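Overview (structure and organization)
Below are the chains, spelled out letter by letter.
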Amino acid sequence: FAIQEIDLQTNNLLFFWDALNHIPLADSYEPASSASSSNNIWDAYHLNSIGLTDDAKDIVVSGRNTSTIYKINKPSGMIVWRLGGKQSDFTIESGAEFSWQHDARFLLPNVISMFDDDCCETAGSVPAGTPPSHGLFLQLNLAAKTASLLREYYHDPNLNISSQGNT
């Protein structure tokens, strides 16, 4: 539930960020009851990727179980914006919706790429009728706070992936 940056030469901690201090547990789509089948561990956030942005002071982080991508300012620790999830700062236009994503990356100019699993609160079986998992590129309009579909990539034949993936 935390992010650390460590100087490998000195072993000094350069940055520490705790999701619990910034993201309400209620933002999770993973039910707390899932802990009963995972040694009493509730993975409310499941931070699954971290990357650089267009600003050296910011990072982009993917929270699978909140279906949200966060841009975080390292000096302050504050969330700059949320893309997706229950508290999105962006309007997600038709075709740009995503959920349970992996490997979110910030690309220039203001593009987010990800693997949209589009499934499941608990890895395992995929419910019937679930849309296929796919690669997704979204164009962000930071002024209007909108996210629109730039491009998407599907496997042929379509696949449903209950967890993980990369674009």
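Now for a quick tour of the structure. Every chain is numbered independently, its residues counted from 1 as its sequence is written. Restriction of local features to residues with pLDDT of at least 70 applies here, the model being predicted, together with a cutoff of 80 or more for giving and counting side-chain atom pairs; totals for whole chains, interfaces and linings are based on all residues. By convention in this description, side-chain values take in all heavy atoms of the structure and omit both hydrogens and water.

Structural notes on the pattern of salt bridges
Pairing is possible between side chains of opposite charge, provided their charged atoms come close. Salt bridge, as used here: a side-chain nitrogen of Lys or Arg that lies within 4 Å of a carboxyl oxygen of Asp or Glu. A complete count under the given rule lists five salt bridges for this structure. Two residues, R64 and D117, come together in a salt bridge whose shortest N-O distance is 3.5 Å. Taken together, the positions of R64 in the loop between β4 (58-63) and β5 (68-73) and D117 in the loop between β9 (111-116) and β10 (134-141) put the pair 53 residues apart, joining distant regions of the chain. Like D117, R64 is buried. Under the DSSP-based scheme used, a helix requires at least four consecutive residues in state H or I and a strand at least two consecutive residues in state E, with every element numbered from the N terminus. Accessible area is worked out with a 1.4 Å probe on protein chains only. A residue is then buried under 20% of its type maximum, exposed over 50%, and partly exposed in between.

Topic: the environment of V126
Inspection of the secondary structure puts V126 in the loop between β9 and β10. Sequence separation between V126 and N160 is 34 residues; the distance between their C-alpha atoms is 7.0 Å.

Quick look at the side chain of R82
Looking at where R82 falls in the secondary structure, it is placed in strand β6 (residues 79-84). Here R82 sits buried without a salt bridge, and the closest side chain of opposite charge, D89, lies 4.4 Å off (N-O distance). Ignoring any residue separated from it by four or fewer positions in sequence, one finds R82 in contact with H22, T68, I69, Y70, Q87, S88, D89 and F90. Charge counting follows a simple rule: Lys and Arg are positive, Asp and Glu are negative, and His as well as the terminal groups are ignored. Only heavy atoms enter the contact rule, under which two residues are in contact if any of them lie within 4.5 Å.

Brief notes about the pairing of β10
Here β10 lies mainly inside the structure; six of its eight residues are buried. Note: β9 against β10, six bridges, orientation antiparallel. Among the inter-strand pairings, V111 is bridged to a residue of β10, identified as Q139. Sheet topology note: the β10/strand β11 (residues 146-154) ladder contains eight bridges and is antiparallel. The residue of β11 that forms the bridge with L138 is L149. Two strands pair under a simple rule: DSSP has to find at least two bridges between them. Here β10 folds back onto β11 in antiparallel fashion, the turn holding four residues, of which K145 has a positive phi close to 55°.

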